[in-house]
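Architecture and fold: a report
Each chain is listed here by its residues.
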Amino acid sequence: VTGDQHLLIGAYATDALDEPERDVFEDHLADCPTCAAELPGLLATAATLGAATETDPPPRLKQDVLARLDSVRQLPPLVQPVQQLSLRRERRSMRMLVSVAAALVILASVGATWSTLRFRDAERQQQEIAVAQQAVARVLAAPDATTLKPLPTEAAWSGARVVMSPSLGKAVLVADGLAEPPHGHTYELWVIDDSSPKPAGTFEPGDDAALSRVVEGSMAGAKVIAVTVEPDGGRPTPSGDPVATFAVPSA
Amino acid sequence: LADVKPWRPRKDTELRLVGDAQPTPDELLALVARGDREAFSALYDLAVPRVFGIARRVLRDPAQAEEVTQEVLLEVWRLAARYDGERGTAMSWITTMAHRRSVDRVRSAQTASDREHRYGTATSTPAYDEVSEQVVQRWEEQQVRRGLEGLTELQREAVTLAYYGGYTYREVAVMLDVPLGTVKTRLRDGLIRLRDTLGAES
C-alpha cells in the first residue's frame, strides 16, 4: 500500500483524492521526504493551471468580504504548537504501535536465529541476543521514532525500513525477504554525514531472511544511512554503490 | 484587554504601501497576518480574479462561486499568520486553497444524480476545450495552453478533468475508461511535465 502512495502525489496536488485518501496521503507526506520535497513544485504547477482561469467577480463582492473581516478572528501564528505536537505524537505513536508490533513479530521470528551475532558460547550468545533485542525494541518504541523508506531501489530492498529515534540517537534497520549476499560477502551499514561514510556494522539475513539490526555508532549529523555489499568481515570504507539508501530528514 | 485600540499599521508598513513599487502578494500577506486591512484590500485585488476564476470553473454556478470566493478570502484573512513561505508562494497558497474549497464544495453539495447529469453532459475534455476557446491574451493562459498541448492526450485529459473539472481520480478513471493506476500515473507524470514546461512560477 505504501509504495502506492508516492504515485498519488499528482492526484493529491490536483485535489483528485477523496477525503479519506487525502488524509492517508497526508500521513504519508509527513513521513516521506521525497514526496514532501516534490509537492511544492507540483502545487505551484497546479496553481498555474488555476491562473489561466482568472475572471473578475462582481465588484460588490469586495465590499461584502471587507465588511465581514470584523467577524473573523485571525488565528495566531504557530509559535507554540504544543497541542499540535501532542496530537501529532499521538497519531504517530499509533502508527508506531503498528510498526512496533510488526517488528516484534519479526524479532520473535529472528530470536534464535539472530544471524548477525556469532558467538561460540551459547549462553553468551543468548545474552547478546537479548541485549541486541532490547536495543532494537528501545528504538522502535521511542516516542519520536520515525520510519524511513529507502530511496527507489531494487525490489528486494524496497520493503526495508530504517526506524530512527533522534532523541536516542539510534537507528534500526528492519527488513524481510532479503537475498543472501554473494558467497564470501556480507552486507555492511554506513552512516554518512558531511564527511566520509562511517561503518555501522555488518549483517546477513540468515535463514528466515527477517532481520532487525541496530545501526552502530553515532547518528549525530547523519544525512544518509546506506547499505553496501562488502567482502566478509566488512570494510572500513564502502567499495561499491549502495544496495539501499535512506535519507535522514534534517532535524 | 481594556485598552485595546483600533489597530493602526506601523510606520514602516505604511511606508511600504505607498510609493510606486507594488508590494508582492507575499509581502502583503505578511502584513495581513498582523491585521492590516489596507494590505488585505490590496491582496484581495491581486488574488480575487484567480480565486473566483477557479471557483467558477470548478463549480460552474456563479452564485456558488461567489460564496466560495468569499469563504476563501476570509480564510486568507483568518489563516494569514499560518502561511508558511517554505512551502510555496502566497499566490500558490491562496490558489491551492481556492481549488481545494471549490472541489470540496462541488463534492459535498452535489447529489449523485447531479453528478451523473454533469457527467452525462461532459464531453471528453470539457475544461480543456474551454481553455482553448478563450481568447488567449494573458501570459499565464498562453503558458498553460502551451503546457497542456505538450502533454500526451491521456495526461491532458486526466489533468484537465481532475483540476478544472474537480473530479476524483477514481471518477476520471471511469470517465476515460482506463485503469485507476493509469490515472494516478498520468496525473503525476502529466503534472511533472507541466512543471518542467511552465517553470512552476506562481
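Residues numbered from 1 in each chain as written. Chains lettered and ligands numbered in written order. Predicted model: local features only at pLDDT ≥ 70, side-chain atom pairs only at ≥ 80, totals over all residues. Heavy atoms only, no water.

Moving on: the confidence of the model for chain A. Residues shown with low pLDDT carry predicted positions that ought not to be read at fine detail. All names here are of chain A. Chain-level pLDDT for chain A is 79 on average; 76% of the residues reach the 70-or-more range. Ranking the elements of chain A by mean pLDDT puts helix H6 (residues 82–110) last, at 53, and helix H2 (residues 9–13) first, at 96. Across residues 80–90 the pLDDT falls below 50, and counting only partners more than four positions away or on other chains, this stretch makes four contacts in the model. Every residue in residues 111–120 is under pLDDT 50, and counting partners more than four places away or in other chains gives 24 contacts. (pLDDT = per-residue confidence, 0-100. Helix = DSSP H or I, 4+ residues; strand = E, 2+ residues; numbered from the N terminus. Contact = heavy atoms within 4.5 Å.)

One finds A:Leu49, B:Leu29, B:Val32, B:Phe40, B:Tyr169, B:Leu187 and B:Leu194 to be the most contacted residues of the largest nonpolar core, which totals 75 residues. Examining the composition of this core, we find that 12 residues originate from one element, helix H3 (residues 37–59) of chain B, more than from any other. Not counting the four nearest positions on each side in its chain, B:Val32 is found in contact with A:Gln74, B:Ala39, B:Phe40, B:Leu43, B:Val76, B:Trp77 and B:Ala80. (Core = buried A, V, L, I, M, F, W, Y, C linked by side-chain atoms within 4.5 Å. Buried < 20%, exposed > 50% of the residue type's maximum accessible area, 1.4 Å probe, protein only.)

A word on the packing of helix H9 (residues 153–163) of chain B against helix H11 (residues 180–198) of chain B. Residues and elements named next belong to chain B. Viewed as axis vectors pointing N to C, H9 and H11 meet at an angle of 95 degrees, and their least axial separation amounts to 8 Å. In terms of axis orientation, H9 runs roughly perpendicular to H11. Taken together, the residues of H11 that come into contact with H9 (itself represented by Leu154, Gln155, Ala158, Val159 and Ala162) are Thr182, Arg186, Leu187, Asp189, Gly190, Leu191, Arg193 and Leu194. The residue makeup of the contact of H9 with H11, split by class, is seven nonpolar, three polar and three charged. (Axes fitted to C-alpha atoms, helices over the stretch in contact; angles between N-to-C directions. Parallel < 35°, antiparallel > 145°, perpendicular 65-115°, else oblique. Nonpolar A, V, L, I, M, F, W, Y, C, P; charged D, E, K, R; others polar.)

The topology assignment puts B:Lys184 in helix H11. In this structure B:Lys184 touches A:Asp4, A:Leu7, A:Leu8 and B:Tyr169, once residues within four positions along its chain are discounted.

Moving on: H3(B). Residues and elements named next belong to chain B. Compared with an ideal rise of 1.5 Å per residue, which puts 23 residues at 33 Å, H3 spans 29 Å between its outermost C-alpha atoms and falls more than 12% short. Where H3 bends most, at alanine 47, the angle is about 45 degrees, and the proline proline 49 comes one to four residues later. Of all the 23 residues making up H3, 17 are buried; the element is thus mostly covered by neighbouring parts of the structure. Two residues or fewer after H3 comes arginine 60, characterised by a positive phi angle close to 70 degrees. (Expected span 1.5 Å × (residues − 1). Bend = angle between axes of the 7 residues up to and from the residue.)

Our next topic: the packing of aromatic side chains. Tallied over the entire structure, the rule returns six aromatic pairs over all chains. A centroid spacing of 5.3 Å and a plane angle of 80 degrees characterise the contact between A:Trp157 and A:Tyr187, whose relative ring orientation is edge-to-face. In this pair, A:Trp157 is assigned in helix H8 (residues 155–158) and A:Tyr187 in strand E4 (residues 185–192), connecting sequence segments 30 residues apart. With a relative accessible area of 2%, A:Trp157 lands in the buried category. When the centroid spacing of 5.5 Å and the interplanar angle of 85 degrees are considered together, the rings of B:Tyr163 and B:Tyr164 count as edge-to-face. The pair formed by B:Tyr163 and B:Tyr164 is uniform in burial state, with each residue classed as buried. Every member of this aromatic cluster is reached through a ring pair, and the members are A:Trp157, A:Tyr187 and A:Phe203. Over the aromatic face of B:Tyr164 sits the side chain of B:Arg57, whose NZ or CZ is 5.1 Å from the ring centroid. (Phe/Tyr/Trp six-rings, centres within 6.5 Å; stacked < 30°, edge-to-face > 60°. Lys NZ or Arg CZ within 6 Å of the ring centre and 35° of its normal.)

With that settled, consider the interface of chain A and chain B. At the interface, 53 residues of chain A touch 61 residues of chain B. Surface buried jointly by chain A and chain B totals about 5,400 Å² across both partners, of which 60% is contributed by carbon and sulfur atoms. Taken together, the connections running from chain A to chain B amount to nine salt bridges. One salt bridge in this structure joins A:Glu54 and B:Arg50, with 3.3 Å as the shortest N-O distance. At the junction of chain A with chain B, the criterion picks out 28 residue pairs in polar contact (both at pLDDT 80 or more). Residue assignment for the side of chain A that touches chain B shows that the elements contributing at least two residues are helix H1 (2–7), H2, helix H3 (19–31), helix H4 (33–51) and helix H5 (60–68) of chain A. Top element by residues in the side of chain A that touches chain B is H4(A). It accounts for 13 residues. A per-class count over the side of chain A that touches chain B returns 28 nonpolar, 10 polar and 15 charged. (Buried area = accessible area lost by both parts, 1.4 Å probe. Salt bridge = Lys/Arg side-chain N within 4 Å of Asp/Glu carboxyl O. Polar contact = N/O pair within 3.5 Å; in protein donor to acceptor, adjacent residues only side chain to side chain.)

Attention shifts here to unusual backbone geometry. Residue and element names in this part refer to chain B. One non-glycine residue, arginine 60, lies in the positive phi region at around 70 degrees. Of note in the backbone geometry, aspartate 177 takes a positive phi value of approximately 55 degrees without being a glycine. A relative accessible area of 69% places aspartate 177 in the exposed class.

Residue and element names in this part refer to chain A. What the four strands build is an open sheet, ordered E5-E4-E7-E8; its pairing is antiparallel. The open sheet has two edge strands with one neighbour each: strand E5 (198–203) and strand E8 (244–247). Going across the sheet, the axis of each strand differs from the next one's by a mean of 25 degrees, ignoring polarity. Of the strand pairs in this sheet, E4 and strand E7 (residues 224–231) are connected by eight bridges, and their pairing is antiparallel. (Pairing = 2+ DSSP bridges.)

A separate point is the sheet that holds strand E2 (residues 161–165) of chain A. Residues and elements named next belong to chain A. Judged by pairing direction, the sheet is antiparallel, and its four strands sit side by side in the order E1-E2-E3-E6 without closing on themselves. For this open sheet the edge positions go to strand E1 (146–148) and strand E6 (211–215), each flanked by a neighbour on one side alone. Neighbour to neighbour, the strand axes of the sheet diverge by 25 degrees on average, direction disregarded. With five bridges connecting them, E2 and strand E3 (residues 170–175) associate as antiparallel partners. Residue pairing across strands places valine 163 opposite valine 172, the latter belonging to E3.

For the rest of this paragraph, the subject is the pattern of salt bridges. Residues and elements named next belong to chain B. This structure, assessed with the given rule, holds 19 salt bridges over all chains. Between glutamate 71 and arginine 105 there is a salt bridge, and its shortest N-O distance comes to 3.0 Å. Of this pair, glutamate 71 sits in helix H4 (residues 62–79) while arginine 105 sits in helix H5 (residues 90–109); the two residues are 34 residues apart in sequence, bridging distant segments of the chain. Under the relative-accessibility criterion, arginine 105 is labelled buried at 16%. The salt bridge involving arginine 145 is made with glutamate 149; its shortest N-O contact spans 3.4 Å. Here arginine 145 and its partner glutamate 149 are both found in helix H8 (residues 139–149), four residues apart, which amounts to about one turn of the helix. When its relative accessible area of 30% is taken as the criterion, arginine 145 is described as partly exposed. On the basis of relative accessible area, glutamate 149 is assigned to the partly exposed category, the value being 43%. The network of salt bridges with common partners includes Glu67, Glu71, Glu75, Arg78, Arg101 and Arg105.

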